[in-house]
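Take a look at the letters that make up each chain.
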Amino acid sequence: IGAVGLAGIASFSSNTFTVDASGSDIEGTSDQLHYVYQPLSGDGTILARVASIENTDPWAKGGVMIRESLSANSKHAMVILTPSNGIAFQRRLTTGGTTVNTSGPAVAAPYWIKLVRSGNTFSGYSSSDGSNWSLIGSDTISMGTNVYFGLPLTSHNNSLLCTATFDNVSATTGGGPTATPT
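Procedures and definitions
Residues numbered from 1 in each chain as written. Predicted model: local features only at pLDDT ≥ 70, side-chain atom pairs only at ≥ 80, totals over all residues. Heavy atoms only, no water. Salt bridge = Lys/Arg side-chain N within 4 Å of Asp/Glu carboxyl O. Helix = DSSP H or I, 4+ residues; strand = E, 2+ residues; numbered from the N terminus. Buried < 20%, exposed > 50% of the residue type's maximum accessible area, 1.4 Å probe, protein only. Pairing = 2+ DSSP bridges. Contact = heavy atoms within 4.5 Å. Polar contact = N/O pair within 3.5 Å; in protein donor to acceptor, adjacent residues only side chain to side chain. Core = buried A, V, L, I, M, F, W, Y, C linked by side-chain atoms within 4.5 Å. Phe/Tyr/Trp six-rings, centres within 6.5 Å; stacked < 30°, edge-to-face > 60°. pLDDT = per-residue confidence, 0-100.

Engineer: Got a minute to help me understand the pattern of salt bridges in this structure?
Structural biologist: Between side chains of opposite charge, a pair can form when the charged atoms approach closely. On inspection of all chains with the given rule, the structure shows six salt bridges. Salt-bridge contacts for D31 lead to R67; the nearest nitrogen and oxygen are separated by 2.8 Å. Here R67 lies in strand 7 (residues 61-67) and D31 lies in strand 4 (residues 30-31), a separation of 36 residues in the sequence. Both residues of the pair, D31 and R67, count as buried. Across the salt bridge formed by K75 and E68, the nearest N and O atoms sit 4.0 Å from each other.

Here you go:
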């Protein structure tokens, strides 16, 4: 998504997603990232353990996200883990609007993150063990019913690929079955 310097790629093996991405950032009014996603209709939850994230920049970001569209300036909500700045719940409330940030715990990978959509309420969580979750923040974002949820990654350096691994990924739609993002 957006004007990236180097094409990203993703693979899945042994229950682990490995994602490589360049991109300037997922912030401001426009994003540059690689996004491994699937469609979501209505409510849903996506969680993952960020097993590792390469330190291409202290603000390289990998995590879980729900986006209204695949446009660079789309509304979105995400929980991300960085190599040096911990976890954050970030979101863009309006198309082309500025990103809002709520800092979470100052931790490093591996760490668990989760994003929940319930109507137009988006809530970001973190966990050290994948069982006991702490709320980072919630916000109201008016999004369409049909959106995309998945794993975003940006190197925060458009001339370098950042590698991150995500395991224990689960995506649940409404009250329905669990699926793995493709």
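So much for the structure itself; the text now carries on.
Engineer: I'm lost on the pairing of strand 8 (residues 76-81) in this one. Help?
Structural biologist: Along a regular strand, successive side chains alternate from one face of the sheet to the other. Of all six residues that make up strand 8, six are buried, and the element is covered over most of its length. The two faces of strand 8 match: H76, M78 and I80 on one face and A77, V79 and L81 on the other face are all buried. In terms of strand pairing, strand 7 meets strand 8 through six bridges, oriented antiparallel. Considered in strand 8, the bridge of G62 is made with L81. Across six bridges, strand 8 lies against strand 9 (residues 87-92) in antiparallel orientation. Within the sheet, the bridge partner assigned to A77 lies in strand 9 and is R91.

Engineer: Just to check I follow, could you spell out the environment of H156 for this structure?
Structural biologist: Looking at where H156 falls in the secondary structure, it is placed in the loop between strand 14 (146-154) and strand 15 (162-173). Look at H156 and you get partly exposed, because its relative accessible area is 24%. Counting along the chain gives 97 residues from H156 to W59, while the straight-line C-alpha distance between them is 6.2 Å. For H156, the residues in contact, after removing those within four places along its chain, are G23, S24, D25, D57, W59 and A60. A polar contact is formed between the side chain of H156 and the side chain of D57, at a distance of 3.3 Å.

Engineer: Would you explain the side chain of S126 in this entry?
Structural biologist: Its location among the elements puts S126 in strand 12 (residues 121-127). Contact partners of S126, with chain neighbours within four places excluded, come to I87, P105, Y111, W112, I113, N132, W133, S134 and I136.

Engineer: Would you mind showing me how to read the nonpolar core here?
Structural biologist: Here is a general trend for soluble globular proteins: nonpolar side chains tend to be buried in one another's company. If you look at the biggest cluster of nonpolar residues, it comprises 33 residues, and the most contacted ones within it are V64, I66, V79, L115, L151 and F166. For this core, the element with the highest residue contribution is strand 15, accounting for five residues. Not counting residues up to four positions away in its chain, the partners in contact with L115 are G44, T45, I46, V64, M65, I66, A77, M78, V79, F89, S123 and G124. Membership of the second largest hydrophobic core comes to seven residues, among which are L33, Y35, M65 and A88.

Engineer: Looking at this model, I keep getting lost on the packing of aromatic side chains. Mind explaining?
Structural biologist: For any two aromatic rings, the description comes down to two numbers: the centre-to-centre distance and the angle of the planes. For the coordinates displayed, the defined rule picks out four aromatic pairs. Plain terms: the ring middles of Y35 and Y37 are 5.4 Å apart, the flat faces sit at 25° to each other, and that makes the pair stacked. Summarising the aromatic geometry, the rings of Y37 and Y148 are spaced 5.3 Å apart at their centres and angled 85° between planes, so their arrangement reads as edge-to-face. Here Y148 lies in strand 14 and Y37 lies in strand 5 (residues 34-41), a separation of 111 residues in the sequence.

Engineer: Just checking my understanding: could you explain the confidence of the model for the protein chain for this structure?
Structural biologist: On average, residues of the protein chain carry a pLDDT of 94, and 96% of them reach 70 or more. In this model, residues 176-182 is a region of pLDDT below 50 whose contacts with residues beyond four sequence positions or in other chains number 20 contacts.

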